[in-house]
Amino acid sequence: MTAFVNPYKKIKDLHPKEAISPGTGLCAGCGGLEGLRLAMKELGENVLICNAAGCFTLLSVYPFTPLKSSWLYTTMGAPVPAAQGVRDALDIRMAHKGLSNDENLLVMAVAGDGSSNDIGLGATSAALHRKLDFIYFCYDNEAYGNTGFQLSAASPLGSATQTAPTTKVHPAGAESFKQDLFEIWKAQEPTYIATVSPREPVDLSNKFAKAKTLQGPRMFICMSPCPTGWGYDPKESNLIAKLAVDTGIFPIKEYFEGKVVHTKPPKKRLPVEQFLERQKRFRHLFEPERRDDIIALIQQHVDEYWRRYE
Amino acid sequence: MTTDERIMLTGNKAAAWGARMAQVEYVPAFPITPQTEIVETLAKWFAEGTMKGKYTNMDSEHSMFMAAGAGAATGVRVFTASSSQGILHGMESLYTLTGWRVPLVIVNVSRALATPITLEPDHNDVMSTRDCGLIQLHAETCQEVFDFILLGYHIAENPNVCLPVLVNMDGFYLSFTREPVLIPSQEAIANFLTAFKPAQPVFQASQPMARASAVFGGATYSYFKMQHNLAAYHAEKVFNESAQKFSEQFGRTYEPAEKFHMDDAEFVFVMSNSFATKGKAAVLQLRRQGIKAGLLKLRLFRPFPSAFIAEALSGHKNVAIIDQNLSPGMGGITYPEIVASLYSHPNRPKRILSVIGGLGGKDIRESDFMSIINHFKDPESPSPLYLFDDVDMASFQKIQNIANPKEEPSSS
Ligand SMILES: Cc1ncc(C[n+]2csc(CCOP(=O)(O)OP(=O)(O)O)c2C)c(N)n1
Ligand code: SF4
């Protein structure tokens, strides 16, 4: 057992320093960007982000970058192999070519849920198998956001996307449950996995602080409320993020040394519809008539999850 | 190696030796026939400590090329190898890393593309990389494979190029053929190829940078592409300078294309890679019969040395461009490039025939070269000429009859 004492208790304890400057091309109220902002505060400046095609590709548009650290745009499917190449090259230079350890970089992949769950999953699995020393940041907006909000394997059952729209024949929209990326990654026993939410900044920061002290694959899934794709007013991002946690839809947890711990379990879980009803992508579950059957299915899925832990 | 040595090597082993003597530091790899012997050899040398650095088993060519490019962008000398389906699988990464403008050497061991799936060679795989902006060198012999890897790093790492170099050899015909290869001593090589000094900033803490950022607007995109294009064009000059240095150091001289009995040739075959050896044998045979044949072997294929090739071919009456590749609905891929190079030349050949042969490892026989000559004699004969004769048809029909015994073999 490795003892790790959380450095932060309150939001006031967090680093005042910013590692991403504001004014990027991303949407106002982007929950994922808030998550990355908090993460980068913790990780500091000696970081290289290998980015997958997605919304966050627009963070660095020539000739601008909002980052203090380095950036490499890759492809939708291969941010992790790029991280492998950089990691290997830095290790070679430190071992054989006299590169000082001060020149080392923390190598990080930043990818959306589509890249993470779909096109890039094979390459990530291979890196987990190789025990690549890196941090993976998946901002999970539950669809292919950059291309206009199409279905990904992370799109939850009952949500409407451009490519799984709700129709008379397919009233639910997406008909499969969200793929459990946490469990998929966990099967390969990486050093660390955590889910985080921008609405829980202290929890998020403590987890990145902890990950920073570790080696090997350190994997993050950041719940990323997306006003544009989910259909709500950008100023409600915090509320949506909070409801995702309070309804138990998005469990905040970590996996470390073989154990899963829920670091922010909802005290009394709210009904899922409080989360669903505020978003356009779930509107068809309430209008023109309520689809209690589908809402019940979603609730049941959440209940089943928590029954294992509560 | 401390002294020059001549050893028997397959094309694949020659490639591995090239990487070793170039003191490559990083090899991300993925196996594919007929290339596998290269990466197996390198894996062993890294594992036993003969080579210093790292060999990483990747999960696909898409990942492999990405790791290779990222390694080069982080300041190590990188080598990797692939073939056929592997090139196609990695194509997105190939375009990505050429745009990153990173130097490395890639060996492609040519193998025909599915469908149908086969192991045997032709050049559709390497031709698929034609437009992605890397430098291409085509090798005929094991010695050329070895030499072109050294030459490749010299060109790739030139500050005015900064692009990957792909060295191509034929699967089976060269990859598994043993030939004597002269391996110069490490000291001699050091006089030609110094340790990797990246021309561009590389990733490390003291040099934060954003690379390969997105662009908006055609003008910005076009600017970067035109830069890339200029670098690729410029690589021809760099090829000649590097080849000159190489020749001074090692005594072997490489021009952008090789002229074989070209001076008085009335019939010229344009070929590349190992089948050029068959072409050269045919030239000698034809000359014994009093036919003035010659051969131009393509070596530097990207950038395309248009002026050199036009110069070499003009003044010759009949030129047959033998493509071991096929763009269905258009024909051979190198043919239009050579025709375009010659178009404005006052003294261009009277007839330029497109020939397609050697697909999926099909041999090009001496009789095929004779049929090309005969084809020229008839002014009405169509182009392209497909090297697929009655013997080939009969051999296919024999197989077809096994697949579908009820059907009568077609009579054509
Ligand atoms: C190989 C490939 N296929 C498709 C695309 C088009 N594409 C660009 S971004 C994107 C969606 C990415 O979705 P996700 O990973 O969830 O990130 P988000 O857009 O939501 O930020 C797609 C499909 C691409 N860039 N590359
Ligand atoms: S579409 Fe959603 S995830 Fe993408 S930038 Fe906008 S808010 Fe963020």
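Residues numbered from 1 in each chain as written. Chains lettered and ligands numbered in written order. Predicted model: local features only at pLDDT ≥ 70, side-chain atom pairs only at ≥ 80, totals over all residues. Heavy atoms only, no water.

Some thoughts on the site of ligand 2
Thought 1: In the vicinity of ligand 2, the residues found are A:Leu26, A:Cys27, A:Cys30, A:Cys55, A:Asn141, A:Cys226, A:Pro227 and A:Thr228.
Thought 2: Here the shell around ligand 2 is built from residues that sort into 6 nonpolar, 2 polar and no charged. (Near = heavy atom within 4 Å. Nonpolar A, V, L, I, M, F, W, Y, C, P; charged D, E, K, R; others polar.)

Considerations on the sheet that holds strand β7 (residues 165-170) of chain B
Residues and elements named next belong to chain B.
Thought 1: In spatial order, the strands read β4-β5-β7-β6-β13; together these 5 strands make up an open sheet with mixed pairing. Sheet topology places β4 (79-82) and β13 (300-302) at the edges, where each strand pairs with a single neighbour. Averaged over all neighbouring strand pairs, the angle between strand axes comes to 25°, with direction disregarded. (Pairing = 2+ DSSP bridges. Helix = DSSP H or I, 4+ residues; strand = E, 2+ residues; numbered from the N terminus. Axes fitted to C-alpha atoms, helices over the stretch in contact; angles between N-to-C directions.)

As for the pairing of strand β5 (residues 192-196) of chain A
Residue and element names in this part refer to chain A.
Thought 1: Burial runs high along β5: 5 of the 5 residues are buried.
Thought 2: Of the two faces of β5, the one holding Tyr192, Ala194 and Val196 and the one holding Ile193 and Thr195 are both buried throughout.
Thought 3: The pairing of β5 with strand β6 (residues 217-223) spans 5 bridges and is parallel. Looking at β6, one finds that alanine 194 is bridged to phenylalanine 220.
Thought 4: By the bridge criterion, 3 bridges tie β5 to strand β7 (residues 253-256) in an arrangement that is antiparallel. From the neighbouring strand, isoleucine 193 faces β7, where its bridge partner is tyrosine 255. (Buried < 20%, exposed > 50% of the residue type's maximum accessible area, 1.4 Å probe, protein only.)

Structural notes on the nonpolar core
Within soluble globular proteins, side chains that are nonpolar generally end up buried alongside one another.
Thought 1: Counting 84 residues, the largest nonpolar core has A:Tyr136, A:Trp185 and A:Leu276 as the members making the most contacts within it.
Thought 2: Of the residues forming this core, the biggest block, 8 residues, is contributed by helix α3 (residues 61-73) of chain B.
Thought 3: For A:Tyr136, the contacting residues outside a window of four places in its chain are A:Val80, A:Ala109, A:Ala111, A:Ser116, A:Thr124, A:Trp185, A:Arg218, A:Met219 and A:Phe220.
Thought 4: Residues B:Met51, B:Ala235, B:Val238 and B:Tyr254 belong to the second largest nonpolar core, which totals 58 residues. (Core = buried A, V, L, I, M, F, W, Y, C linked by side-chain atoms within 4.5 Å. Contact = heavy atoms within 4.5 Å.)

Re the domain arrangement of chain B
Residue and element names in this part refer to chain B.
Thought 1: Parsing chain B into structural domains produces domain 1 (6-200 + 212-250) and domain 2 (257-397).
Thought 2: Centre-to-centre separation of domain 1 and domain 2, based on C-alpha positions: 27 Å.
Thought 3: Counting residues at the interface gives 28 residues for domain 1 and 30 residues for domain 2.
Thought 4: Between domain 1 and domain 2 lies a buried interface of about 2300 Å² when both sides are counted; carbon and sulfur atoms form 51% of it.
Thought 5: Looking at the side of domain 1 facing domain 2, the largest losses of area belong to Arg130, Glu140 and Tyr173, adding up to 28% of the total buried there. (Domains from an automatic or database assignment. Buried area = accessible area lost by both parts, 1.4 Å probe.)

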